[in-house]
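Residue strings, one per chain:
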Amino acid sequence: MTRTPSLPTPHKRSATFALLALLSVLGLLASCGSDSKDTTSSTSTVIDSNRPLVIATTPILGDLVRQVGGDEVNVEVLIPLGADPHDFEPSAAQAARLRDASLIVANGLGLEERLESALDGAEKDGVPVFEVAEQLDPLALGLDEKEEHSEEEDEHGHAEETPAEKEEDGHGTEDPHVWLDPERMATAASLVATQLAATTGLDAAPFQQRAATYADAARAAETEARALLAGLPADQRKLITNHDALEYFAQRFNLEVIGTVIPGGSTLAEPSAADLSDLVTLIKANNVKAIFSESTVSSKLIESLAREVGSQVSVVELSTDTLGEPGSPTATYPGLIVTTARLIANGLSGR
Ligand SMILES: [Zn+2]
């Protein structure tokens, strides 16, 4: 996916366009300059035109790139905190800004559905675009897929599945929500470090060192999350989610996604009345105590589903596709993983 870096194509811009671009940059910095409690990483976003510019698509990837890049790069994040990455469309100024980057770090696998043409355009103009998710043993979309793989083989089982076998499975696409597995994010940090060194020409060692620190924090969060979920009995480890965001989390922590309100791996489709009625039956049959909405997606449908079921079930909101506002429990990546585990453990046990 990565291309040999070359100098961005120079653009002639009108005064209005330049102003729009400037406003957009200021907006980006205002919305993402302090999304981490780690002051060393957030203060490093001060503009220094001598540093290479790295643009990340999502706040979660932006946080990773900022931590791995340290003071050596300027990091901007395209998708604002709290916005739905499946649904985010860039302005003309934001699309133009992409061409100023030394490197763009995107999730890929169709997550940034409405950003794709802007990313393609930048890549055609010579900006390297690193799509991290496809490098992380992605899971195929679809609820039946994960049943073919036990937890023990999740590290390697998918790597052994050839693309041809995936075709035979009938799944054309892969699940983009790789970041909800801390192990995959630990790997992602190292991959991003390699890309940063390759595209900026800077020494790889400090990038890899900071990637190792990021990986340690991700694995510490994984241990804490595992402990929080340990008390849930097998018959209560069943997830019903608003959109299909939690397959990676479920596989890592031995949970099972048994249903989703919005079909497909995105947030842009709509369920049928029959789908919703099937979910009511499923929730009742499994005595599910909580179902999970996401902070980035309207909870209207899942709330009405819960009303249909009755007092047995509550709707618990998770932050799956974005980080939380600064100071909130999900403002950092480890916080996101631990908070998700805590809300799921409490919700499914009826606490
Ligand atoms: Zn999502």
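Residues numbered from 1 in each chain as written. Predicted model: local features only at pLDDT ≥ 70, side-chain atom pairs only at ≥ 80, totals over all residues.

A. Expanded view of the overall build of the chain. The number of helices and strands found in the chain is twelve helices and eight strands. Here the analysis covers contacts within the chain between residues at least 6 apart in sequence; of these, 71% occur between residues at least 24 apart. (Helix = DSSP H or I, 4+ residues; strand = E, 2+ residues; numbered from the N terminus. Contact = placed C-beta atoms within 7 Å.)

B. Seen up close, helix 8 (residues 204-229). With 26 residues, helix 8 extends 37 Å between its outermost C-alpha atoms, agreeing within 8% with the 38 Å of an ideal straight helix rising 1.5 Å per residue. Phe207, Arg210, Ala211, Tyr214, Ala215, Ala217, Ala218, Ala221, Glu222, Ala225, Leu228 and Leu229 are the residues of helix 8 that are buried. The inward-facing, buried residues of helix 8 contact helix 3 (59-69), helix 7 (182-200) and helix 12 (333-348). (Expected span 1.5 Å × (residues − 1). Buried ≥ 20, exposed ≤ 12 C-beta atoms within 10 Å, placed from the backbone.)

C. How the structure looks around unusual backbone geometry. Unusually for a residue other than glycine, leucine 109 sits at a positive phi of about 55°. Summarising the element assignment, leucine 109 is placed in the loop between strand 3 (103-106) and helix 5 (116-124). One non-glycine residue with positive phi stands out, namely aspartate 137, at about 50°. For aspartate 137, the position within the fold is in the loop between strand 4 (129-131) and helix 6 (163-169). Aspartate 137 gets classed as buried once you count the C-beta atoms within 10 Å, which come to 21.

D. Local environment of the nonpolar core. Val54, Leu64, Val68, Ile104, Val105, Ala189 and Val192 are the most contacted members of the largest nonpolar core, which has 87 residues in total. Considering each element in turn, this core owes the most residues, ten residues, to helix 8. The residues contacting leucine 64, other than those within four sequence positions of it, are Met185, Ala188, Ala189, Val192 and Tyr214. (Core = buried A, V, L, I, M, F, W, Y, C linked by C-beta atoms within 7 Å.)

E. Looking closely at the sheet that holds strand 4. An order of 2-1-3-4 is seen for the four strands of this open sheet, with the pairing classed as parallel. With partners counted over all chains shown, the strands left at the sheet margins are strand 2 (74-77) and strand 4, one partner each. The mean inter-strand angle of the sheet, taken between neighbouring strand axes irrespective of direction, is 20°. Of the pairings in the sheet, the one linking strand 3 to strand 4 comprises three bridges and is parallel in character. (Pairing = 2+ DSSP bridges. Axes fitted to C-alpha atoms, helices over the stretch in contact; angles between N-to-C directions.)

F. Up close: the pairing of strand 1 (residues 53-56). Of the two faces of strand 1, both are covered, the one formed by Leu53 and Ile55 as well as the one formed by Val54 and Ala56. Bridge count for strand 1 against strand 2 is four bridges, and the pairing is parallel. In the strand pairing of strand 2, valine 54 is matched with valine 75. Read from strand 1 through helix 3 to strand 2, the crossover connection turns out right-handed. Where strand 1 meets strand 3, three bridges bridge the pair, whose relative direction is parallel. Bridge pairing links alanine 56 to valine 105 in strand 3. (Right-handed = clockwise from strand over helix to strand, strands pointing away.)

G. A look at the environment of proline 271. With respect to the helices, strands and loops of the structure, proline 271 is situated in the loop between strand 6 (256-260) and helix 10 (273-285). Accessibility expressed as a C-beta count within 10 Å gives 17 for proline 271, which makes it partly exposed. Distance from proline 271 to threonine 260, taken between C-alpha atoms, is 9.2 Å for residues eleven residues apart in sequence. If sequence neighbours within four positions are ignored, proline 271 has contacts with Val261, Ile262, Pro263, Leu276 and Leu301.

H. Molecular detail of helix 3. Helix 3 sits mainly inside the fold: eleven of its eleven residues count as buried. Among all positions in helix 3, only Pro59, Ile60, Leu61, Gly62, Asp63, Leu64, Val65, Arg66, Gln67, Val68 and Gly69 are buried. One or two positions beyond helix 3, positive phi appears at glycine 70, with a value near 60°.

I. Spotlight on the packing of helix 10 against helix 11 (residues 300-309). Running from N to C, helix 10 and helix 11 point in directions that differ by 55°, and their axes come no closer than 10 Å. One way to sum up the angle between helix 10 and helix 11 is to call them oblique. In terms of crossing hand, the pair formed by helix 10 and helix 11 is right-handed. Only Leu305, Glu308 and Val309 of helix 11 make contact with helix 10, whose side of the interface consists of Leu276, Leu279, Val280, Ile283 and Lys284. (Parallel < 35°, antiparallel > 145°, perpendicular 65-115°, else oblique. Left-handed = near helix turned anticlockwise from the far one by under 90°.)

Read these as geometric descriptors, not functional statements.
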